[in-house]
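Coordinate analysis (summary)
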Amino acid sequence: MFRLFRGILLVVIGIVIGVVILASSLDEADDAAAPTPTQATTETTQPTTSDTTTTTASTATPTTTTQATTPETVPQPQANDPSVVRVQVANATDVAGAAGRLTTELTVAGYIGLPAINAPDELKPLSQSIIYYEPDYLGDANQIANLVGASQSSILPLPVPSPITSDDAHVIIVIGDDNLAQSG
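1. Side note on the overall build of the protein chain
Looking only at helices and strands, one finds 3 helices and 8 strands in the protein chain. When the elements of the protein chain are put in sequence order from the N terminus, they spell out α-β-β-β-α-β-β-β-α-β-β. A burial count over the protein chain gives 32% of its 184 residues as buried. For the protein chain, restricting intrachain contacts to residue pairs at least 6 apart in sequence, the fraction spanning at least 24 positions comes to 75%. If you sum the accessible surface of the protein chain, you get close to 11600 Å²; carbon and sulfur atoms cover 57% of it.

Written as structure tokens, this is what we have:
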């Protein structure tokens, strides 16, 4: 009976040693900058009066920290204060006064409306309106498109040479035969 008790005691001691080693390995894994590979530890305890050998294997699982990331968003260009943005509106339709009406609408919204003009004949007839912008005025072109109900696909960088003669405009709107011709 005493021998059985001693054998059980040795097994319990082996398990306790294994748990201590496992806990120690986990603490070291938490303290390390990088996760450690799986480690196996074998302890052999030989009793002095018994032929029983107890082997305990422990495996430490590395601890990794996963950080949730959000997808990067493309920063939207900032619009300037409308009171400093000069807008030129050119009419490329047969609708009389379309450029003047849109210029008035933009002026009421706080933009600097340059005098309304007719687009050159080579741009006529234009089926869809185009909003051209100078560098650093994409945000303003987006804001103006939203204001007047133009599609985002109509916003383009101002080409060189400009299809509209305007030395002062930051944003040029060329009205086509879409809804902008009827606005105002």
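2. Some thoughts on the side chain of S154
By secondary structure assignment, the location of S154 is in the loop between α3 (138-148) and β7 (155-157). There is a polar contact of 2.6 Å between the side chain of S154 and the backbone oxygen of S151. Discounting chain neighbours no more than four positions away, the residues touching S154 are Q128, S129, I130 and I131.

Calculation notes
Residues numbered from 1 in each chain as written. Predicted model: local features only at pLDDT ≥ 70, side-chain atom pairs only at ≥ 80, totals over all residues. Heavy atoms only, no water. Helix = DSSP H or I, 4+ residues; strand = E, 2+ residues; numbered from the N terminus. Buried < 20%, exposed > 50% of the residue type's maximum accessible area, 1.4 Å probe, protein only. Contact = heavy atoms within 4.5 Å. Areas by Shrake-Rupley, 256 points an atom, 1.4 Å probe, with all protein chains shown as cover. Polar contact = N/O pair within 3.5 Å; in protein donor to acceptor, adjacent residues only side chain to side chain.

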